[in-house]
Amino acid sequence: MRVNAYAAPSAGQPLAPTTIERREVGANDVLIQIEYAGICHSDIHTVNGDWGPQPFPVVPGHEIVGLVTEVGADVTRHQVGDRVGVGCMVNSCGECASCTRGEEQYCLEGMVGTYAATDRDGTTTQGGYSTHVVVDADFVLSVPEGLDPAAAAPLLCAGITTYAPLRHWNAGPGKKVAIVGLGGLGHMGVKIAHALGAEVTVLSQSLKKQKDGLRLGADHYFATSDPSTFEQLPGQFDLIVNTVSAAIDLDAYLGLLAVDGTLVNVGAPADPLSVNVFSLIGGRRSFAGSMIGGIALTQEMLDFCAEHRIGAEIEVIAADEINEAYERVLASDVRYRFVIDTATL
């Protein structure tokens, strides 16, 4: 099945219209007519080659919402006409310890990414900047009726990327949580942490987004470019979620944790980060990482967001605006997530 798409022909080159081949619908597959596809910073890192060589041409996009138009003979969870979502992975081994406990993102054989990955049949996956996609039904999420489909698309990456550590480290009433950065990930972290009942602080480079942060649910907002911020807040937080994809002074942020506090990195900078072990020893603090969530947790997140009326703050664009949107993301000129209307493909 040939479908329209936008692809990066090689590293660092502008994305351009193309057509790609989608596999025939198998017994456990779902054919989805894509309505919206979010733009994630990961897409930009990938097509720019920041994370190493890629199997170009690459069709990015792992924040996908659309309608089911065909299901395989063995599919029972989804029906034609259902609104569904696809996130950052489309397959895994299904048998290892991680998969059997519902954490397919940590598949010991390597989960299959939605794009630029090798699927179980040996083909290269292509993502959501396209009109249709065929996905194994086990990796297709139900999008609740209460969610706006365009605003729901970024939940499939930005939403679950922040929900997973907030849930794992028990953000909730009585907990003080800081979100580093108020961008595509950070703004979702603020909304979700607030809905979970935590006391939420935004740590951003400047105060220019302070009004937004408070509107989205933050209780406090500090500028990290102001040295007094780190003088005011030592030992304050039970959990800090770092969403930025650039280098930060980890030791300075670790100093803001309470005893037994945890700093979790979900942003993925291209260069290594360094940490002084005494920043950990001094307060029995932890430095951790977190990557999206399993299928069950992602469905839980979607249902939670529907219950609390949480969607991403978005700007919907046409396909021919993708390259401009990439430039704007790199310039931090988006409040807070671009979403492609795939009807424009």
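Residues numbered from 1 in each chain as written. Predicted model: local features only at pLDDT ≥ 70, side-chain atom pairs only at ≥ 80, totals over all residues. Heavy atoms only, no water.

**Details of the environment of Ala137**
Then, in step 1: Here Ala137 shows up in the loop between strand 8 (132-136) and strand 9 (141-142).
Then, in step 2: With a relative accessible area of 3%, Ala137 lands in the buried category.
Then, in step 3: Counting along the chain gives 41 residues from Ala137 to Ala178, while the straight-line C-alpha distance between them is 36 Å.
Then, in step 4: Discounting chain neighbours no more than four positions away, the residues touching Ala137 are Asn28, Asp29, Val30, Val75, Arg77 and His78. (Helix = DSSP H or I, 4+ residues; strand = E, 2+ residues; numbered from the N terminus. Buried < 20%, exposed > 50% of the residue type's maximum accessible area, 1.4 Å probe, protein only. Contact = heavy atoms within 4.5 Å.)

**Some details on the pairing of strand 12 (residues 220-223)**
Then, in step 1: With four bridges joining them, strand 11 (residues 199-204) and strand 12 adopt parallel strand pairing. Looking at the pairing, Leu203 lines up with Phe222 of strand 12.
Then, in step 2: Read from strand 11 through helix 6 (residues 210-216) to strand 12, the crossover connection turns out right-handed. (Pairing = 2+ DSSP bridges. Right-handed = clockwise from strand over helix to strand, strands pointing away.)

**Overview of empty space enclosed by the protein**
Then, in step 1: By the definition in use, this model includes one cavity of 30 Å³ or more.
Then, in step 2: As a volume, the largest cavity reaches approximately 70 Å³.
Then, in step 3: Surrounding the largest cavity, Gly87, Cys88, Met89, Phe139, Leu141, Leu156, Ile160, Ile292, Gly293, Ile295 and Thr298 form its lining.
Then, in step 4: Broken down by class, the residue content of the lining of the largest cavity amounts to eight nonpolar, three polar and no charged. (1 Å grid on protein atoms, 1.4 Å probe; cavity = no way out; pocket = protein on both sides within 12 Å on 5 of 7 lines; lining within 4 Å. Points joined across faces, edges and corners; volume = space filled by probe spheres on them. Nonpolar A, V, L, I, M, F, W, Y, C, P; charged D, E, K, R; others polar.)

**A look at a negative patch on the surface**
Then, in step 1: A cluster of acidic residues, Asp320, Glu321, Glu324 and Glu327, forms a negative patch on the protein surface.
Then, in step 2: Along the chain, Asp320 falls in the loop between strand 16 (314-317) and helix 11 (322-330). (Patch = residues over 30% accessible without salt bridge, like charges linked within 9 Å, V, L, I, M, F, W, Y side chains within 5 Å. Areas by Shrake-Rupley, 256 points an atom, 1.4 Å probe, with all protein chains shown as cover. Salt bridge = Lys/Arg side-chain N within 4 Å of Asp/Glu carboxyl O. Lys, Arg positive; Asp, Glu negative; His and termini not counted. Charge placed at Lys NZ, Arg CZ, Asp CG, Glu CD.)

**Quick look at the environment of Val202**
Then, in step 1: Along the chain, Val202 turns up in strand 11.
Then, in step 2: Val202 sits 154 residues away from Asn48 along the chain, and the two C-alpha atoms are 29 Å apart.

**Things to note about the side chain of Thr229**
Then, in step 1: Among the structural elements, Thr229 can be located in helix 7 (residues 227-232).
Then, in step 2: Assessed through its relative accessible area of 3%, Thr229 is described here as buried.
Then, in step 3: Within the structure, Thr229 has its side chain in polar contact with the backbone oxygen of Ala223 (distance 2.6 Å).
Then, in step 4: Beyond its immediate sequence surroundings of up to four residues, Thr229 is in contact with Leu203, Phe222 and Ala223. (Polar contact = N/O pair within 3.5 Å; in protein donor to acceptor, adjacent residues only side chain to side chain.)

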